[in-house]
Amino acid sequence: MQPVDALVDALNAFTPTVLASYPTVALLLAEQAERGRLKVGLREVWTGGETLSPAVRQRIEAALGCRVRNSYGTSEFLAMAWECEAGQLHLNTDWLLLEPVDEYNRSVPLGQPSSGVLLTSLANTVQPLIRYAMGDRMTMHPDRCGCGSPFPVIDVQGRRDDILRMRGLTGDVALLPLALSTVLEEQAGVFDFQLLQRDDSTLVLRLPLAGHAGREALKCCRAALQSFAVAQGALPIRVLGELGQVVPRGRSGKACRIVAKGG
Ligand SMILES: [Zn+2]
């Protein structure tokens, strides 16, 4: 949520050895390192919360000069899987059950991609989670990993939202997808939406709501997005609305909610 310059200054002052963040944030910081702005001697970068593509991993590793370790987690459980020395994600099945299922919540065989997962936490007895449905697509592999771990290897197709690069006073200002989602959810109370970038100063917000409720929600979202963009250092932006639209529901892993220009 912080402007990039403030984040970079804080990291330079703190000089961390390990940095944990979303892939989109790590990518943004890698760009800052390439420009010579970010100067931290990191030992490892831990990523999670979004899909980490091989290209993004390579760029982060090259720019920050250290290894990236990916993980897979959720707000309801935190880290559900971690990356081993062989670069595979292992599911923490001593603490949870994660069932790959199809769109009707029927079990999907090993080796085949699911359309969702059901999470049962074996750790949290205060707020039990039993077969909690999440929209992540996952493949659980039948074979053991070469690293020797008995924990099952999984592939996850998580969120793939874009960074939006808007016009600022002295160049591009990057608006991060998770920050934009948080602004809309927490400040405008809107959870189902799609945000499309039309150009470097215009966004189009699609909402399922129509009529009076839609117009009120749009007004709220527009104010929240505009003040967030300006706080990040962008020049004032336009937010156009398209009401009564079919949009991805909630924080599902299946569809892009935030799409950059040309994306
Ligand atoms: Zn392994």
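Our subject is the structure that appears above.
Residues numbered from 1 in each chain as written. Predicted model: local features only at pLDDT ≥ 70, side-chain atom pairs only at ≥ 80, totals over all residues.

**Thoughts on the overall build of the protein chain**
Now for step 1: Of regular secondary structure, the protein chain possesses five helices and 16 strands.
Now for step 2: Here the C-alpha radius of gyration of the protein chain, 20 Å, is about what a compact globule of 263 residues would show, namely 18 Å.
Now for step 3: Expressed along its principal axes, the backbone C-alpha trace of the protein chain runs to roughly 55 × 50 × 35 Å.
Now for step 4: Here the protein chain, with 263 residues, has 32% of them falling under the buried criterion.
Now for step 5: Of the contacts formed within the protein chain by residues at least 6 apart in sequence, a portion of 60% connects residues at least 24 apart. (Helix = DSSP H or I, 4+ residues; strand = E, 2+ residues; numbered from the N terminus. Rg over C-alpha atoms; globule rule 2.2 N^0.38 Å. Buried ≥ 20, exposed ≤ 12 C-beta atoms within 10 Å, placed from the backbone. Contact = placed C-beta atoms within 7 Å.)

**Points about unusual backbone geometry**
Now for step 1: Within the chain, Asn-105 stands out as a residue other than glycine whose phi angle is a positive 65°.
Now for step 2: Mapping Asn-105 onto the fold places it in the loop between strand E6 (96–101) and strand E7 (116–121).
Now for step 3: In this model, Arg-131 sits at a positive phi of 50°, which is unusual for a non-glycine residue.
Now for step 4: Along the chain, Arg-131 turns up in the loop between E7 and strand E8 (132–134).
Now for step 5: Look at Arg-131 and you get exposed, because 12 C-beta atoms sit within 10 Å.

**Regarding the packing of helix H2 (residues 23–34) against helix H3 (residues 54–64)**
Describing two packed helices takes the angle between their axes plus the distance from one axis to the other.
Now for step 1: It is the contact of H2 with H3, at a shortest axis distance of 9 Å, that shows an interaxial angle of 40°. Judged on the interaxial angle alone, H3 and H2 are oblique. Every pair of crossing elements has a handedness; the one defined by H2 and H3 is left-handed. Across the interface between the two elements, Pro-23, Ala-26, Leu-27, Ala-30, Ala-33 and Glu-34 of H2 pack against Val-56, Arg-59, Ile-60, Ala-63 and Leu-64 of H3. (Axes fitted to C-alpha atoms, helices over the stretch in contact; angles between N-to-C directions. Parallel < 35°, antiparallel > 145°, perpendicular 65-115°, else oblique. Left-handed = near helix turned anticlockwise from the far one by under 90°.)

**Some details on the environment of Tyr-72**
Now for step 1: Relative to the assigned elements, Tyr-72 resides in strand E3 (residues 67–74).
Now for step 2: The class of Tyr-72 is buried, set by 26 C-beta atoms lying within 10 Å.

**Concerning the sheet that holds strand E1 (residues 18–21)**
Now for step 1: Pairing within the open sheet is mixed, and its seven strands lie in the order E1-E2-E3-E4-E5-E10-E9. With partners counted over all chains shown, the strands left at the sheet margins are E1 and strand E9 (137–140), one partner each. For this sheet, the mean angle separating the axes of adjacent strands, direction not counted, is 35°. (Pairing = 2+ DSSP bridges.)

**Quick word on the environment of Asp-199**
Now for step 1: Assignment of secondary structure puts Asp-199 in strand E13 (residues 194–199).
Now for step 2: With 11 C-beta atoms packed within 10 Å, Asp-199 lands in the exposed category.
Now for step 3: Put simply, Asp-199 and Met-166 are 33 residues apart on the chain and 7.9 Å apart in space, counted from C-alpha to C-alpha.

**Quick notes on the pairing of E7**
Now for step 1: Judged from the six bridges that link them, E6 and E7 form a sheet pairing that is antiparallel. Its bridge partner lying in E7, Glu-99 is registered against Leu-118.
Now for step 2: Note that E7 and E8 share three bridges and pair antiparallel. Residue pairing in the sheet places Val-117 in a bridge with Met-134 of E8.

**What about the sheet that holds E8?**
Now for step 1: If you walk across this open sheet you meet the three strands as E6-E7-E8, and the pairing is antiparallel. The strands lining the two open edges of the sheet, one partner per strand, are E6 and E8. For this sheet, the mean inter-axis angle between neighbouring strands, taken without regard to orientation, is 25°.

**Observations regarding helix H5 (residues 211–231)**
Now for step 1: Spanning 21 residues, H5 covers 30 Å between terminal C-alpha atoms, matching the ideal 30 Å at 1.5 Å per step.
Now for step 2: Buried positions along H5 lie against strand E11 (164–167), strand E12 (172–175), helix H4 (177–188), strand E14 (202–206) and strand E15 (238–242). (Expected span 1.5 Å × (residues − 1).)

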